[in-house]
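If you want the building blocks of each chain, they are given just below.
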Amino acid sequence: MRARWPVALTVLVFLWAVGACGAAPPSGGRDGTPLPSPVKALDINQVARDKVKNGGTLRWGLSDFPTQWNYNHADGSLANVKVVISALLPRVFRSDERGRLSLDTDYVTNARITATSPNQVITYTINPKARWSDGKPITWEDFAAQWKAMSGRDGSYRADSSIAYENIKSVARGSSDREVVVTLAEPFNEWQSLFTPLYPRSTNASPDEFNSGWINRIPVTAGPFQVEKFDAKGKTITLARSSQWWGNPAKLDRIEFRHVQPTTMLRAFTKGEIDVFDIGPSPENYAAVREVWDAVVRQAAGPEYRQLTFNGESEVLSDLRVRQAIALAIDRKAIMEIDLKGLGWPIVTLDHHFLMNSQYGYRSNAGAHGAYDPKRAARLLDEAGWKLSGKVRSKNGKPLRLRFVVPAGVRVTETQAQVVRLMLQKIGVQVDVARVRFQDFFTKHLLPGKFDITAFSYPSSPFPISSAYDIYANGEPGRGDEVKWYSNLGRSGSSEIDQAMYDAGSTLDQKEVIELIHAADALIWEKVNVLPLYQVPQNVAVRSTLANVGANGFYDLRYEDIGYVS
């Protein structure tokens with residue numbers, strides 16, 4: 001039996017839109033000392049609560065307005081859903097800007113591992129004041145219902161991902177309704193990812209309620225704000241300070257989330273119709289916002305990274321030496337400079353497959369594999385039998401040609417493809433840039449492996465192994481000679497990588513975790529499945545008088561602390 005968690009069927013991918021857009025882990029230094037983030041990790045104008053004014057309305061621009069508001073649903077795991085429900089629903093742990101976790105004691109006053117043999121057991125103590133907006137207490141039954149819905153055992157629940165939940169053996173009542181005892185089937189050191197956000201048991205009671213109960217509505221909440229008005233037709237959600245909230249009261253009277261078309265977002269901001277919006281990777285909007293007298297661009301490293309994926313099963317790239325050569329011939333810093341020109345962001349490449357530049361424990365493991373070395377690339381191609389004949393390499397009379405697939409209309413991917421084409425041309429490799437329909441990009445090209453190279457953004461999280469495991473997990477035998485790769489779009493892996501990831505995710509000795517993550521990362525660099533480029537910066541336009549909101553990266557905003565200052 002393989003040492004791995006079952007593979008999720010959902011591809012964890014974020015694409016840039018057109019023209020836009022618990023114990024803390026150990027230290028990251030090789031000598032045991034913490035390393036500072038090489039990029040800015042947080043920019044939200046942090047101000048103490050007692051310095052923030054009471055009252056006021058914040059108008060928050062959303063680039064899209066989803067219909068599904070169950071974040072745990074396959075159609076609801078979206079950035080804008082998370083922005084809204086984070087003000088409304090319980091969480092067990094919250095992250096700081098470096099991805100370090102701490103209990104959210106407004107909801108859970110204690111959560112700890114209470115047994116490791118024969119199984120890992122986690123015991124949660126729920127805050128006795130914690131209640132849903134319908135008056136019902138938050139109890140162990142809410143945890144149990146969410147586990148059953150998310151476990152993958154009943155396919156009628158269209159859960160976004162069952163990773164971690166399918167490793168749960170049981171969820172039981174402890175000494176009271178406010179104590180939850182969770183038993184795991186296998187050890188799992190990223191257990192803090194479970195039950196955040198937590199939905200009420202009524203949501204998870206049946207597939208119908210799970211799948212449909214939160215379409216164009218948010219029926220139950222338990223946070224510093226409550227839903228005052230949900231206008232699906234007008235695509236606006238108005239939250240008001242909750243009188244039922246047991247924690248620190250919200251500073252703002254209201255938060256109004258409103259959908260604004262991306263093409264008119266800047267105009268709405270400059271006219272004073274919205275107070276916050278995500279600029280995305282637009283140098284034009286970045287420059288324009290900086291000219292607005294009462295505005296500022298908050299900028300920090302975001303929970304997303306750009307990368308190139310190499311198809312390890314394609315006719316040419318199935319040779320590891322060729323994949324290594326192609327990676328060496330790509331100047332990652334040059335790509336980053338082109339992509340982020342005009343955004344005022346430092347040129348720092350991402351040299352890790354699990355940890356972002358801003359995450360605690362990060363260090364570069366790229367070594368020679370991540371260097372720009374076209375001479376070595378040429379030698380590797382020679383060794384692989386691809387000899388230079390004129391301007392193009394060939395082997396057995398066949399030219400060395402790669403197909404770089406891009407989704408039509410995604411400007412950053414198109415640019416990266418053209419830059420890579422010119423770089424590889426220098427070592428005698430032809431690249432054909434193939435533009436495909438946006439809606440067909442994954443389903444008809446990436447998932448069936450009909451490409452050589454492609455580019456897009458992957459999300460990252462404070463849970464590096466469980467969030468990235470399936471990207472690098474080895475394939476499983478299918479019918480005949482078929483190999484099922486699931487979310488591993490690079491279609492290359494090994495049992496050694498699987499074991500290294502399993503070790504990193506299952507050890508309960510926190511002193512070992514980071515080094516085991518680095519060990520798994522080093523193996524992936526050798527395989528050349530994904531070539532990381534850079535951690536994507538967040539660029540958020542906000543009113544200069546707003547505090548505790550902006551570019552938050554891994555940091556979980558405290559919505560009750562957001563407000564205005566003089």
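Here the structure is shown first, and the text comes after it.
Residues numbered from 1 in each chain as written. Predicted model: local features only at pLDDT ≥ 70, side-chain atom pairs only at ≥ 80, totals over all residues. Heavy atoms only, no water.

Some details on helix H12 (residues 464-472)
- For H12, a buried count of eight out of nine residues is recorded, marking the element as mostly surrounded by other parts of the structure.
- Every buried residue of H12 is accounted for by Pro464, Ile465, Ser466, Ala468, Tyr469, Asp470, Ile471 and Tyr472.
- Looking at the buried side of H12, the elements it contacts are strand S12 (295-310), strand S18 (453-459), helix H13 (495-506), helix H14 (510-527) and strand S21 (530-543). (Buried < 20%, exposed > 50% of the residue type's maximum accessible area, 1.4 Å probe, protein only. Helix = DSSP H or I, 4+ residues; strand = E, 2+ residues; numbered from the N terminus. Contact = heavy atoms within 4.5 Å.)

Overview of the pairing of strand S17 (residues 430-436)
- With seven bridges joining them, strand S16 (residues 401-407) and S17 adopt parallel strand pairing. Each bridged residue has a counterpart across the sheet, and for Leu402 the counterpart in S17 is Val431.
- Taken together, S16, helix H10 (residues 411-425) and S17 constitute a β-α-β crossover, and its handedness is right-handed. (Pairing = 2+ DSSP bridges. Right-handed = clockwise from strand over helix to strand, strands pointing away.)

Some remarks on the packing of H13 against H14
- Interaxial distance between H13 and H14 falls to 8 Å at its minimum, and their mutual angle equals 160°. In terms of orientation, H13 and H14 fall into the roughly antiparallel class. Of the two possible hands of crossing, H13 and H14 adopt the one that is left-handed. Here Glu496, Ile497, Ala500, Met501, Asp503 and Ala504 of H13 lie close against H14, whose contacting residues are Val513, Leu516, Ile517, Ala520, Leu523, Ile524 and Lys527. (Axes fitted to C-alpha atoms, helices over the stretch in contact; angles between N-to-C directions. Parallel < 35°, antiparallel > 145°, perpendicular 65-115°, else oblique. Left-handed = near helix turned anticlockwise from the far one by under 90°.)

Here's the deal with the sheet that holds strand S14 (residues 392-395)
- The three strands lie next to each other as S13-S14-S15, forming an open sheet whose pairing is antiparallel. This sheet does not close on itself; its edge strands, each paired only once, are strand S13 (387-389) and strand S15 (398-399).
- Bridge count between S14 and S15: two bridges; the pairing is antiparallel. Considered in S15, the bridge of Ser394 is made with Pro399.

Focus on the nonpolar core
- In terms of nonpolar packing, the biggest core is built from 74 residues, with Trp60, Tyr124, Phe195, Phe257 and Tyr559 touching the most fellow members.
- Of the residues forming this core, the biggest block, six residues, is contributed by helix H2 (residues 140-150).
- Formed by 62 residues, the second largest nonpolar core is a distinct cluster that contains Val289, Val297, Val406 and Trp525. (Core = buried A, V, L, I, M, F, W, Y, C linked by side-chain atoms within 4.5 Å.)

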